[in-house]
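Below, each chain spelled out in residue letters.
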Amino acid sequence: MYLPPHDPHVDDPMRFKPLFRIHLMERKCATVECMYGHKGPHNGHIQIVKKDEFSTKCNQTDHHRMSGGRQEEFRTWLREEWGRTLEDIFHEHMQELILMKFIYTSQYDNCLTYRRIYLPPSSPDDLIQPGLFKGTYGSHGLEIVMLSFHGRKAKGTKITGDPNIPAGQQTVEIDLAHPLQLPDIENLRDFSELSRIVLEVQEQVRREEREREQQQEEEEHSQQASSQPASPLGAEGAAEGEETAAGAETTQDKAPASQPFVLPAGVISRNEDYPRSCRICFYGTGLIAGHGFTSPERTPGVFVLFDDDRFGFIWLELKSFSLYSRIKVSFQNAQAPSREAFDEMLKNIQSLAT
């Protein structure tokens, strides 16, 4: 199991916890041991379901239990997962969320299905190198997000989730065609001023989307009237090319020297040790929802690029700030065989979450 560092220390290294091991024997036989729990290795089972997918099952789940019952198991999990005790957590809402996560994760008893994920492909036009990042999510703690680039858009996809937004969902989307000009440092401290700037850009984005939809409808109507079959592949290819070029141009033209940065008054951050200067900011949207992924909606926000390995996102509606730090680990055989294969994987993990 690949665990983020203890909240809110996003710059600390990842942690590892063995879940199972396989002993290869003679005559193409093998034994499987479950490593979950605190009583040492015990009998397990692995089944290959299909290509790039397998399942594990523990055959002795009693090895996962503790003499002190669920209360002892919860306290042990809390120390390992959060690096603290329940008495250290004074916020009642945070206690509730942590308990929900424990109940949800512990019910599987290491009977899990694993599916392969690819690292995002990169191109010279990307704002920064895409990859995996650790991010702060308020009372949910640290979560893993995959940053990938798609022409005029950048997407942050959750690799680990929480009771509100599950893994596989697109937590943030960055509009690279709409950079934001932040006010000077004193005015930036005023949340209402930042909110005004972001909402103006949001209205501009909506207006441009309506114009594109109207133009598309007019073109379709014109094609039908002329009775000439259109070439969908050529049209889509041209549109994608235009988007990529526009996104690249914006990124290159709007990369000034660093500017002072501070969070507006009233914006909550789990980590106060965020950088005090940034390279560039973009308009973006963040996904929020109730428990159980109820009533999900995309809300406006600000993507803040600090450097090659750190970025942030200001959730306007929540008055909250997430800080993300790159996971600096080399993964073998994790590159996607093609852009199409990566895009298909993103669709698949999102459909599983939904």
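The present account deals with the structure reproduced in this document. (Residues numbered from 1 in each chain as written. Predicted model: local features only at pLDDT ≥ 70, side-chain atom pairs only at ≥ 80, totals over all residues. Heavy atoms only, no water.)

Attention now goes to helix α1 (residues 69-82). The end-to-end C-alpha separation of α1 is 20 Å, in line with the 20 Å expected for 14 residues at 1.5 Å each. Among the residues of α1, E73, F74, T76, W77, L78, E81 and W82 are the ones counted as buried. Tucked into the core, α1 has its buried residues touching β1 (2-3), β2 (15-16) and α2 (92-106). Just beyond α1, the residue with positive phi is G83, at close to 70°. (Helix = DSSP H or I, 4+ residues; strand = E, 2+ residues; numbered from the N terminus. Expected span 1.5 Å × (residues − 1). Buried < 20%, exposed > 50% of the residue type's maximum accessible area, 1.4 Å probe, protein only. Contact = heavy atoms within 4.5 Å.)

Take the packing of aromatic side chains next. One pair of aromatic rings is described through two measures. These are the centre distance and the angle between the planes. Evaluation of the coordinates by the stated rule reveals 19 aromatic pairs. Measuring from centroid to centroid gives 5.9 Å for F20 and Y114, while their planes differ by 75°, and the two rings are edge-to-face. Taken together, the residues span a long stretch of sequence, with F20 in strand β3 (residues 20-24) and Y114 in strand β7 (residues 112-115) at a distance of 94 residues. Overall, the relative accessible area of 26% leaves F20 in the partly exposed class. Ring geometry for F306 against F321: centres 6.4 Å apart, planes inclined by 80°, an arrangement best described as edge-to-face. Note that F306 is positioned in strand β16 (residues 294-307) and F321 in strand β18 (residues 320-326), a separation of 15 residues in sequence. When sorted by exposure, F306 lands in the same class as F321, which is buried. Members of the aromatic cluster, each reached through a chain of ring pairs, are F133, Y137, F303, F311, F313, W315 and Y324. (Phe/Tyr/Trp six-rings, centres within 6.5 Å; stacked < 30°, edge-to-face > 60°.)

Now for helix α4 (residues 191-226). Its 36 residues place the ends of α4 53 Å apart at the C-alpha level, agreeing with the 52 Å of an ideal helix rising 1.5 Å per residue. Among all positions in α4, only F191, L194, S195, I197, V198, V201, Q202 and V205 are buried. For α4, the secondary structure elements touched by its buried residues are β11 (170-180), α3 (185-188), β15 (280-290), β16 and β17 (310-315).

Attention shifts here to the pattern of salt bridges. Working definition: two side chains of opposite charge can pair if their charged atoms are close together. Across all of its chains, the model carries 24 salt bridges by this definition. Of the charged contacts in the structure, one is a salt bridge between K50 and E53, with a shortest N-O distance of 4.0 Å. For E53, a relative accessible area of 12% translates into the label buried. Ionic pairing is found between E81 and K101, a salt bridge with its closest N-O pair at 3.5 Å. Separated by 20 residues along the polypeptide, E81 in helix α1 and K101 in helix α2 bring together distant segments of the chain. Where salt bridges share partners, they join R65, R70, E73 and D109 into one cluster. (Salt bridge = Lys/Arg side-chain N within 4 Å of Asp/Glu carboxyl O.)

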